[in-house]
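Tertiary structure, described
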Amino acid sequence: MTETGAEIIVKSLIYNKVKFIFGYPGGAVMPIYDSLFTYKKQIKHILTRHEQGSIHAAQGYARVTGNPGICLATSGPGSTNIITGLADALIDSTPLFCITGQVASNLLGSDAFQEVDIIDISRPVTKWNIQITKPEQIFEVIAKGLHIATSGRPGPVLIDITKDAQQQRISQRYKKNNQNKELKTSKINKKELQKLIITIKKAHKPILIIGQGVKLANAENQLKKFAENTLIPVSSTLLGLGILKTKHNLNYGMLGMHGNYQSNILILKSDLILAIGLRFDERVIGNIKKISQKTLIIHIDIENYEINKRIKSTIHFLGNLKDNLTYLSKNLKHKKYGNWLKKINILKNIEKKYIKEKEFIKQKLGITMPEVINYVNLYKNKNCILVTDVGQHQMAAARYFNFTTIKSQITSGGLGTMGFALPAALGAKLGAKKRQVLCCVGDGGFQMTLQELGTIMQYEIPIKIIILNNNFLGMVKQWQDFFFNRRFSNTKIYNPNFTELSKAYNIKSKQVVIKEKLKKNIKKMFKSKDAFLLEILVDKEYNTLPMIPTNNSVATICF
C-alpha cells in the first residue's frame with residue numbers, strides 16, 4: 001500500500017505522539033491539510049488568525065509541557081511570518097518543530113508564486129533546518145528534527161517540504177527510530193564536582209543565580225534541595241522566576257535591569273557567584289567590568305557555547321543539571337552565613353522603603369501596575385500560569401506576582417517580542433488544561449496579535465486576560481522620561497474600546513477605571529469559567545523601578 005508524502009508527514013507526527021498542531025493553511029500545504037482532515041481524531045489542528053499567532057501559541061504549549069510545539073505554515077509570506085517566533089524560541093531555548101510548505105521542486109529558484117528561500121532566511125534563527133524534495137526523506141527527517149528540537153539545549157527546528165514531495169506516493173514503513181529516544185543520563189564527574197564543592201565551602205558571601213536552564217532540565221526540585229541544604233541566598237533571571245516559590249525564605253528576587261535592589265547589589269558584594277543554567281545576558285548582569293576581579297564565578301550549564309561568552313568564569317562545569325545538583329546537595333552541607341544574610345536583608349528593606357511603599361500608597365488616585373498584580377495574587381489559583389508580553393507590565397508582574405508552583409511563568413525574555421502573550425497564553429492553556437492561565441499584556445502589545453481573540457472564541461479557550469492600559473508605549477515612554485528629557489516622540493497611542501472589541505468575539509469583558517472597583521472585578525474575572533478580558537486603566541506616569549541604565553553597573557541603579 002502506498003501513501004502520499006502528506007500522509008507520511010501526518011502519520012509521522014502521530015507516531016511521535018504529537019497532539020496539537022498550530023497553523024494556517026495555504027496553497028503549498030494543501031496536501032498536508034487534506035491529510036489532517038483524515039486524521040482529525042488523532043491530531044488536533046488549531047487554526048490561528050495569523051502565522052505569528054501560530055508559532056507563539058506553539059511556544060506557549062512547549063513551555064508548559066516540555067514537548068515540542070508544532071507549527072504549520074504555507075510558503076512565501078506564511079513562512080516568513082513565523083521568523084519572529086523562531087528567533088524568540090532560539091534565544092529562549094524553546095523546543096519547536098515547524099513545517100513550511102514550498103513550491104514544487106522543479107520551480108525552485110524560478111521566483112514562482114509565493115516562493116521564498118526560507119532555508120537561508122531561517123538558518124540564523126533555527127537550531128537546525130532542512131528542505132525535503134523527496135517523500136522518502138520525510139519519516140527520518142521528522143524523527144531527527146523532533147529529537148534535535150528537544151535534546152541538549154532545546155530550540156526551534158524548521159522543515160521545508162516541496163509540494164511535489166507532499167503529493168508523490170511511496171511505500172513507507174513506520175519503524176522505531178532511536179533518534180527520538182531520550183539520551184541516557186551522562187555519568188557525573190565526581191572528581192570535578194568535589195573541586196567545585198571545596199571552592200564553594202571557602203566562600204563567605206556566596207550568591208546563587210538561577211536561570212531557565214534549571215526549568216529546561218526539570219531540575220526545580222533538585223535546585224530547591226540544593227539551596228536549602230547550603231543556605232545560599234538565591235536570585236533569578238527573568239526566565240528563572242518560578243523555580244523557587246516567591247515567598248521562599250532564600251529567594252531574594254529577580255536580577256537585572258528592573259530586578260530587585262538587593263539581588264543586583266549582591267553581585268557587587270559577593271565573593272562567589274554560582275550561576276546555574278543562564279547565559280549572563282547584559283540585561284541581567286549589567287556592566288561586567290564593575291564586578292570585582294576577586295569574585296569567584298562558577299558557571300554550570302549544558303552548552304559549552306555559553307561558557308566565557310560574556311563573562312569569564314573561574315570554574316565552569318558542563319552537564320546534566322538534575323544529576324549534578326543531586327550530587328552537590330548530598331555532598332555539600334550548609335554553612336552559617338549570618339552576617340551575609342543580615343546585609344542582604346538591609347538591602348531588601350531599602351527597596352521596600354524607596355520603591356514598594358510608594359507603589360502601594362492608598363491616597364494615590366491612579367491605579368498602579370503593582371496594585372493590580374497584588375490583587376491578582378489574592379484571587380489566582382495556586383497552579384496559575386502567568387503569561388506576560390513585553391514592557392512595563394512584564395517587569396511589574398515579574399517583580400510582584402506570587403509564584404507558587406513550578407513552570408508557572410511564560411514570557412519573551414531574550415528577544416522581547418511584543419504581541420507574544422495572547423497567542424502564547426492560548427497555547428499554554430491547551431497544553432495545561434487543568435491549570436489556570438492568566439495573560440497580562442499592555443495596550444500596545446495586545447494590538448499586535450489581538451486577532452487571536454478569534455482563536456480563543458472558536459476553540460472556547462478559557463484564559464483570563466488583563467490589559468494594563470496607560471494609552472502609551474509605556475517602557476519606551478519610561479526611557480524618554482529618564483534619558484530624553486520627556487520628549488514623548490510617538491509613544492502616545494490611541495486605543496480602541498477593548499471591551500467592545502472583546503464582545504465582538506463573544507468574550508466576556510469589563511473595564512476598570514477607579515481603584516475602588518479593582519478588587520471586585522479581578523475577583524469576578526477569576527471566578528468566570530469562560531474566557532474573560534479585563535481592561536484596567538493605569539496611571540500614565542507610572543515607571544517600573546528600580547532601573548539600571550543600559551551598559552551601566554548595577555551600582556548605578558535608579559529609584
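Scroll up to find the structure.
To start, this report covers the structure provided alongside it.

Parameters at a glance
- Residues numbered from 1 in each chain as written.
- Predicted model: local features only at pLDDT ≥ 70, side-chain atom pairs only at ≥ 80, totals over all residues.
- Heavy atoms only, no water.
- Pairing = 2+ DSSP bridges.
- Helix = DSSP H or I, 4+ residues; strand = E, 2+ residues; numbered from the N terminus.
- Axes fitted to C-alpha atoms, helices over the stretch in contact; angles between N-to-C directions.
- Contact = heavy atoms within 4.5 Å.
- Buried < 20%, exposed > 50% of the residue type's maximum accessible area, 1.4 Å probe, protein only.
- Salt bridge = Lys/Arg side-chain N within 4 Å of Asp/Glu carboxyl O.
- Phe/Tyr/Trp six-rings, centres within 6.5 Å; stacked < 30°, edge-to-face > 60°.
- Lys NZ or Arg CZ within 6 Å of the ring centre and 35° of its normal.
- Left-handed = near helix turned anticlockwise from the far one by under 90°.
- Nonpolar A, V, L, I, M, F, W, Y, C, P; charged D, E, K, R; others polar.

1. Here's the deal with the sheet that holds strand E7 (residues 156-162)
- One open sheet holds the six strands; their spatial order is E3-E2-E4-E5-E7-E6, and the pairing between them is parallel. Sheet topology places strand E3 (44-47) and strand E6 (128-132) at the edges, where each strand pairs with a single neighbour. The sheet shows a mean angle of 20° between the axes of neighbouring strands, taken without regard to direction.
- Judged from the five bridges that link them, strand E4 (residues 69-73) and strand E5 (residues 96-102) form a sheet pairing that is parallel. Bridged to glycine 69 within E5 is leucine 96.
- Helix H3 (residues 51-65) contacts strand E2 (20-23), E4 and E5 of the sheet and is inclined by roughly 170° relative to E4.

2. Focus on the sheet that holds strand E13 (residues 296-301)
- Pairing is parallel in the open sheet, where six strands are placed in the order E11-E10-E9-E12-E13-E14. Taken across any chain shown, the strands that pair with only one partner, and hence form the sheet edges, are strand E11 (251-254) and strand E14 (315-318). Strand-to-strand, the axes of this sheet are offset by a mean angle of 15°, without reference to chain direction.
- As paired elements, strand E9 (residues 206-210) and strand E10 (residues 234-236) share three bridges and run parallel to each other. In the sheet register, isoleucine 210 faces E10, and the bridge partner there is serine 236.
- Seen against the sheet, helix H9 (residues 190-202) touches strand E12 (272-276), E13 and E14 and runs at an angle of roughly 145° to E13.
- Where helix H11 (residues 220-230) meets the sheet, it contacts E9, E10 and E12, and its direction lies at approximately 170° from that of E9.

3. What about the pairing of E12?
- For E12, a buried count of five out of five residues is recorded, marking the element as mostly surrounded by other parts of the structure.
- Side chains of E12 alternate between two faces, with Leu272, Leu274 and Ile276 and Ile273 and Ala275 buried alike.
- As defined by bridge partners, E12 adjoins E13 across five bridges and the pair is classed as parallel. Paired with isoleucine 273 across the two strands is isoleucine 297, which belongs to E13.

4. Looking at the pattern of salt bridges
- This model, assessed by the stated rule, comprises 18 salt bridges.
- The salt bridge involving arginine 153 is made with glutamate 303; its shortest N-O contact spans 3.1 Å. Residue arginine 153 is found in the loop between helix H7 (138-150) and E7, and its partner glutamate 303 is found in the loop between E13 and E14; the two are separated by 150 residues along the sequence.
- We classify glutamate 303 as partly exposed; its relative accessible area is 25%.
- Look at the salt bridges and you will find they share partners, linking Arg153, Glu303, Glu306 and Lys309 into a network.

5. A short note on the packing of aromatic side chains
- Evaluation of the coordinates by the stated rule reveals eleven aromatic pairs.
- Taking the centre distance of 6.4 Å and the plane angle of 20° together, the rings of phenylalanine 20 and phenylalanine 22 count as stacked. Comparing phenylalanine 20 with phenylalanine 22 shows no difference in burial state: the two are buried.
- Just above the ring of phenylalanine 472 sits the side chain of lysine 477; from NZ or CZ to the centre is 5.4 Å.
- Over the aromatic face of tyrosine 494 sits the side chain of lysine 492, whose NZ or CZ is 5.5 Å from the ring centroid.

6. Side note on the packing of helix H1 (residues 5-15) against H7
- One can describe the packing of H1 onto H7 by two numbers: an axis separation of 9 Å at closest approach and a directional angle of 35°. In the crossing of H1 with H7, the sense of the turn from one axis to the other is right-handed. For the pair H1 and H7, the contacting residues are Gly5, Ile8, Ile9, Ser12, Leu13 and Tyr15 in the first and Ile138, Phe139 and Ile142 in the second.
- The class makeup of the residues in the contact of H1 with H7 is seven nonpolar, two polar and no charged.

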